[in-house]
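# Observations on the model geometry
Given next are the chains, with one letter for each unit.
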Amino acid sequence: MTINSSDPAFINISENIKRIRNDINEAAVKSGRSESDVRLMAVTKTVSVDYINYAILNCGIDLIGENKVQEFLSKKDYLELDGVEKHLIGHLQTNKVKKIVPEVDMIQSVDSLNLAKVVSAEALKRGICADILLEVNIGDEESKTGFDKVAFLESVSELSELPSISVKGLMTIPPICEDEKELEKYFSQMSEYYNELKNGNYPNFDFNILSMGMSGDYKEAIINGSNLVRVGSAIFGARIYK
Ligand SMILES: *Cc1c(COP(=O)(O)O)cnc(C)c1O
């Protein structure tokens, strides 16, 4: 691997991760848990493989998230993925399901009953069980992916009967909020859904992940029950889209 360790970007990545872990610890304690109850995902979209490998090899990152199937497939052979979990977190088109199911440990962005069915059918065909999260559009935003809240509640029983998938929990991206109260409202609503479904009787639900919180709001998310935060720009710096 070609790491030019005099590149100050590496030092920044390492300091950012230290600071974020500190914040995670504080927020976890505030919510009656400990640092080890909350996982840190490094979101690697648009980030070059050298920086990702540095975060893995030097900063203890063991969970990465990519948004696009094609971007992940083109990077993965250059990544040091030993002991690292890979999750898809971006919108997934049904025609790409076949390509991604065998490549990732979890699809966090299952946002419709139809997509869940396609993932289920692909996993069944391969004789595997696919771990997924259900993404909920908690702010009812037209511009966002995720289950519409009404459709979500209506789909739960059918989702819970699909073969060859294991539903591990929920994921969300809340709307941009004016104030902290509004943000907390969305996070705590997600927490309620999560606890309700976790304690319900659904055959293929095995809830242990509530994935919420990104660079700008991971502390609030943890305080409101998140146990997996997806952090990109606060680790790697602002994204440059080409
Ligand atoms: C890009 C992205 C993130 C990370 O966003 P940052 O604000 O850079 O931390 C988290 N989750 C999803 C689904 C994303 O697309």
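Each chain carries its own residue numbering, running from 1 in the direction its sequence is written. The predicted origin of the model limits local features to residues at a pLDDT of at least 70 and limits the giving and counting of side-chain atom pairs to 80 or more, whereas totals for whole chains, interfaces and linings rest on all residues. Calculated side-chain values reflect all of the structure's heavy atoms, with hydrogen atoms and water omitted.

### So, the packing of helix α6 (residues 149-159) against helix α7 (residues 180-199)
To characterise two packed helices, one gives the angle between the axes of the helices and the distance between these axes. Here is the rule we go by: To obtain each axis, a line is fitted to C-alpha atoms, and for helices this fit is confined to the stretch in contact; angles are then taken between N-to-C directions over 0 to 180 degrees. Counting from the N terminus, the helices are DSSP H or I runs at least four residues long and the strands are E runs at least two residues long. Between 65 and 115 degrees an angle is taken as roughly perpendicular, under 35 as roughly parallel, over 145 as roughly antiparallel, and anywhere else as oblique. Any two residues whose heavy atoms approach within 4.5 Å are treated as being in contact. Amino acids outside the nonpolar list (Ala, Val, Leu, Ile, Met, Phe, Trp, Tyr, Cys, Pro) and the charged list (Asp, Glu, Lys, Arg) are all regarded as polar, and Gly is one of them.
Their axes nearest at 13 Å, the elements α6 and α7 cross at an angle of 5°. When the axes of α6 and α7 are compared, the pair comes out roughly parallel. Here Lys149, Phe152, Leu153 and Val156 of α6 come into contact with α7, specifically with Gln189, Tyr193 and Leu197. Residues belonging to the contact of α6 with α7 are distributed by class as follows: 5 nonpolar, 1 polar and 1 charged.

### Regarding the packing of aromatic side chains
Just so we agree on the cut-off: Only rings of Phe, Tyr and Trp enter the pairing, Trp through its six-membered ring, and a pair is recorded when the two centres are within 6.5 Å. The plane angle decides the type: under 30 degrees is stacked, over 60 is edge-to-face, the rest tilted. Partly exposed describes any residue whose relative accessible area lies between the buried limit of under 20% and the exposed limit of over 50%, with all areas from a 1.4 Å probe on protein chains only and scaled to the type maximum.
Under the defined criterion, the tally for this structure stands at 7 aromatic pairs. When the centroid spacing of 5.1 Å and the interplanar angle of 35° are considered together, the rings of Tyr202 and Phe205 count as tilted. The class for Phe205 is buried, based on a relative accessible area of 12%. Ring centres 5.2 Å apart and planes at 15° place the aromatic pair Phe205 and Phe207 in the stacked group. The exposure classification of Phe205 matches that of Phe207, with both residues buried.

### Focus: the side chain of Glu66
Basically, it comes down to this: We call two N or O atoms a polar contact when they sit within 3.5 Å, provided that within protein one can donate a hydrogen and the other can accept it, with sequence-adjacent residues counted only if both atoms are side-chain atoms.
Relative to the elements of secondary structure, Glu66 occurs in strand β2 (residues 63-66). Within the structure, the side chain of Glu66 is placed 2.8 Å from the side chain of Thr44, a separation counted as a polar contact. Excluding residues that lie within four positions of it along the chain, Glu66 makes contacts with Thr44, Lys45, Ile52, Glu71, Phe72, Lys75, His87, Leu88, Ile89 and Gly90.

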